[in-house]
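Single-letter residue listing:
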Amino acid sequence: MTAVRALQFTGPREVTVCEREIPEPRPDEVRVSTEVSAVSPGTELLVYRGDAPEEMTSDEAIDALAGDFQFPLQYGYAAVGRVTATGANVADDWTDERAFAFHPHQSHFLASPDDLHRVPKGLSAAEAAFLPNVETAVNFLLDGDPRVGEQAVVFGQGLVGLLTTALLADCPLADLLTLDRYPERRELAREMGADRALAPEDAPDEVRDALDSDATPDGADLTFELSGNPAALDDAVAVTGYGGRVFVGSWYGEKRADLDLGGRFHRSRIAIESTQVSTVAPELRGRWDKARRLSVAWRRLADLDVERLVTHRISVTEADRAYRLLDDHPEDALGVLFTYD
């Protein structure tokens, strides 16, 4: 292969793959040849559809994603590959090392070793590509602070929703309910440890009925809204009991959520809070930082069967087909990996 292939979003529902010369690393850099990169069905579909706020920084904490969401742009943050060239000042043990990078979809890229994460032995490239999703799920649990005997509900069983369900299933909860519109994902949720997996049209009445009727006050203690659908947030609030916590992990982009806060919510003392992986919650920063959280994510990733979530492996040269599949047929597509053979 004589050229870098780089995916670029050029307009709403328009992607192209550009080619340019493969670069040589500077003294303090390495060159990575990408094996796979994972598509984020949530954020990347917002970018693909043109629903991401143009003026917002993609991710100011990651140098490779320091731009905004104006077209044209490169995006993606889950690349795994082999180090194929090293600069003069880089340690020899980086040569042929498999590494993960928060980097846009691209067949070859330069990076400082400080921005790479060595993939632990025993993990495949495909498994390592799910690291950001698992880290996000870890962050949700750090923010949500599930407690023994609580009742938890998760709206949305996409990649992050299913992984959040898997982590919650390890907690000593009284009940773990999930909701998703697609039967295949509801079955996966049960396999991941959900006690019950319902359809969104069952909310809120059937969800509240399905929770432990002996709990006082009734309703969920902890609810995560991870569906990406703003309409689900109102149902998430409705299934949550007095003094419960609702965490919004979905990013709605330019879409607005219409909430009914004039009824039972007024006296419910329900807390609605955002949860997002770019930062660690202020109250946790005395003992937690991103490095510790990422270390936990690597360990949990090794315990999870994430390859079962891969539904499609598609060459990056056919990226348009991948996004159309995710956009038009989400019932068939869950985990999509770009390949670079």
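The text that follows walks through the structure, step by step, so that each part is easy to find.

**Some points on the overall build of the protein**
Step number 1: What the protein contains, in helices and strands, is 10 helices and 15 strands.
Step number 2: Taken over the C-alpha trace, the protein has a radius of gyration of 21 Å; the compact-globule value for 341 residues is 20 Å, and the two agree within 12%.
Step number 3: Taking the principal axes of its C-alpha atoms as reference, the protein extends roughly 65 × 40 × 35 Å.
Step number 4: By the burial criterion, 52% of the 341 residues in the protein qualify as buried.
Step number 5: Residue pairs in contact within the protein that sit at least 24 positions apart in sequence constitute 68% of those at least 6 positions apart.

**Examining helix 7 (residues 231-238)**
Step number 1: Restricting attention to buried positions, one finds in helix 7 the residues Ala232, Leu233, Ala236 and Val237. The arc that holds the buried residues of helix 7, viewed along the axis, is 145°, so those residues lie on one side.
Step number 2: Tucked inside the fold, the buried residues of helix 7 contact strand 8 (151-155), strand 11 (220-225), strand 12 (240-248), helix 8 (265-268) and strand 13 (271-274).

**Considerations on the environment of Pro23**
Step number 1: With respect to the element layout, Pro23 can be found in the loop between strand 2 (14-21) and strand 3 (30-38).
Step number 2: Residue class for Pro23 comes out partly exposed when judged on its relative accessible area of 28%.
Step number 3: Expressed as a C-alpha distance, the spacing of Pro23 and Ala6, which sit 17 residues apart in the sequence, is 13 Å.

**Examining the nonpolar core**
When a protein is soluble and globular, its nonpolar side chains tend to lie buried together.
Step number 1: Phe9, Trp298, Tyr323 and Phe338 are the most contacted members of the largest nonpolar core, which totals 74 residues.
Step number 2: The contacts of Tyr323, once residues within four sequence positions are left out, are Leu7, Phe9, Val15, Val39, Glu44, Leu45, Tyr48, His105 and Phe338.
Step number 3: Counting 19 residues, the second largest nonpolar core, distinct from the first, contains Leu179, Ala203, Ala232 and Val237.

**A look at helix 9 (residues 290-303)**
Step number 1: A rise of 1.5 Å per residue sets the reference length of helix 9, with its 14 residues, at 20 Å; its end C-alpha atoms lie 20 Å apart and thus fit the reference within 8%.
Step number 2: Those residues of helix 9 that fall on the buried side of the exposure criterion are Arg293, Leu294, Val296, Ala297, Trp298 and Leu301.
Step number 3: Lining the buried residues of helix 9 we find strand 5 (98-101), strand 7 (117-118), helix 2 (125-128) and helix 3 (131-144).
Step number 4: The residue sitting at the N-terminus of helix 9 and contributing the capping side-chain oxygen is Asp289; that oxygen lies 3.2 Å from the backbone nitrogen of Ala291.

**Description of empty space enclosed by the protein**
A probe as big as a water molecule, rolled over the atoms, marks out the empty space that is left.
Step number 1: Counted under the stated rule, the structure contains 2 cavities of 30 Å³ or more.
Step number 2: Within this model, the largest cavity holds a volume of roughly 40 Å³.
Step number 3: Around the largest cavity, the lining residues are Leu46, Val47, Gly50, Ala52, Glu54, Phe69 and Phe71.
Step number 4: A per-class count over the lining of the largest cavity returns 5 nonpolar, 1 polar and 1 charged.
Step number 5: Reported here for the second largest cavity is a volume of approximately 30 Å³.
Step number 6: Along the lines of polarity and charge, the residues of the lining of the second largest cavity split into 4 nonpolar, 2 polar and no charged.

**What to know about the pattern of salt bridges**
Step number 1: Taken as a whole and judged by the stated rule, the model has 20 salt bridges.
Step number 2: One salt bridge in this structure joins Glu24 and Arg31, with 3.2 Å as the shortest N-O distance.
Step number 3: Glu24 gets classed as exposed once you look at its relative accessible area, which sits at 58%.
Step number 4: Several salt bridges converge on common partners, so that one network encompasses Asp145, Arg147, Glu150 and Arg245.

**Digging into the sheet that holds strand 8**
Step number 1: The sheet built from 6 strands is open, its strands ordered 10-9-8-11-12-13 with parallel pairing. If you trace the sheet from one side to the other, it starts and ends with strand 10 (196-198) and strand 13, each paired once. Taken over all neighbouring pairs, the strand axes of this sheet differ in orientation by 20° on average, direction set aside.
Step number 2: Helix-sheet contacts for helix 7 involve strand 8, strand 11, strand 12 and strand 13, and the interaxial angle to strand 12 is about 150°.

**Let's talk about the packing of helix 3 against helix 4 (residues 159-169)**
Step number 1: Relative orientation of the contacting elements helix 3 and helix 4 amounts to 55°, with a least axis distance of 9 Å. The orientation of helix 3 with respect to helix 4, classified from their angle, is oblique. In this structure, helix 3 meets helix 4 at a crossing whose hand is right-handed. On helix 4, the residues that touch Asn133, Val134, Thr136, Ala137, Val138, Phe140 and Leu141 of helix 3 are Leu159, Val160, Leu163, Thr164, Leu167 and Leu168.
Step number 2: For the contact of helix 3 with helix 4, the per-class residue count stands at 10 nonpolar, 3 polar and no charged.

**Regarding a negative patch on the surface**
Step number 1: Taken together, the side chains of Glu54, Glu55, Asp68 and Glu254 define an acidic patch exposed on the protein surface.
Step number 2: By the secondary structure assignment, Asp68 is in the loop between helix 1 (43-49) and strand 4 (79-86).

Calculation notes
- Along every chain, residues carry numbers that run from 1 in the direction the sequence is written.
- Local features are withheld for residues below a pLDDT of 70 in this predicted model, meaning they are given only at 70 or higher, and side-chain atom pairs are given and counted only at 80 or more; totals for whole chains, interfaces and linings count all residues.
- Values reported for side chains reflect all heavy atoms of the structure, with hydrogen atoms and water molecules removed beforehand.
- Here a strand is any run of E in DSSP of at least two residues, a helix any run of H or I of at least four, and the numbering for each starts at the N terminus.
- With C-alpha atoms as the basis for the radius of gyration, the globule rule is written as 2.2 Å multiplied by the number of residues raised to the power 0.38.
- Partly exposed residues are those whose accessible area sits between 20% and 50% of the maximum for their type, while under 20% is buried and over 50% is exposed, using a 1.4 Å probe and protein chains only.
- Contacts between residues were defined by any pair of non-hydrogen atoms, one from each residue, lying within 4.5 Å.
- Of all possible arcs, the one meant is that of the directions from the helix axis to the C-beta atoms.
- Only buried residues count toward a nonpolar core, which is a set of Ala, Val, Leu, Ile, Met, Phe, Trp, Tyr and Cys residues joined through side-chain atoms within 4.5 Å.
- Given a helix with a known number of residues, its expected span is that number minus one, times 1.5 Å.
- Polar contacts, as used here, are pairs of N or O atoms within 3.5 Å; protein pairs need one atom able to donate a hydrogen and one able to accept it. Residues neighboring in sequence count only if both atoms are side-chain atoms.
- Think of a 1 Å grid over just the protein atoms. A cavity is a set of points where a 1.4 Å probe fits yet cannot get out, a pocket is an open set with protein on both sides within 12 Å along at least five of seven lines, and lining residues have an atom within 4 Å of a point.
- Grid points are joined across faces, edges and corners, and a volume is the space filled by probe spheres set on the points.
- Side-chain classes follow a simple rule in which Ala, Val, Leu, Ile, Met, Phe, Trp, Tyr, Cys and Pro form the nonpolar group, Asp, Glu, Lys and Arg form the charged group, and the remainder, Gly included, forms the polar group.
- We count a salt bridge whenever a side-chain nitrogen from Lys or Arg sits within 4 Å of a carboxyl oxygen from Asp or Glu.
- Pairs of strands are assigned from DSSP output, requiring at least two bridges between the strands.
- For every element, the axis is a line fit to its C-alpha atoms; helices are fit only across the contacting stretch, and the angle between N-to-C directions ranges from 0 to 180 degrees.
- In what follows, roughly perpendicular refers to angles from 65 to 115 degrees, roughly parallel to angles under 35, roughly antiparallel to angles over 145, and oblique to any angle outside these ranges.
- Working rule for handedness: look at the near helix, and if it is turned counterclockwise from the far one by less than a right angle, call the crossing left-handed; if clockwise, right-handed.
- Exposure above 30% relative accessible area and the lack of any salt bridge qualify a residue for a patch; like charges then connect within 9 Å, and the nonpolar side chains Val, Leu, Ile, Met, Phe, Trp and Tyr within 5 Å.
- Using the Shrake-Rupley algorithm and a 1.4 Å probe, accessible areas are obtained, with residue cover drawn only from the displayed protein chains.
- Within this scheme the basic residues Lys and Arg register as positive and the acidic residues Asp and Glu register as negative, but His and the chain ends are omitted.
- Charge positions come from single atoms, namely NZ of Lys, CZ of Arg, CG of Asp or CD of Glu.

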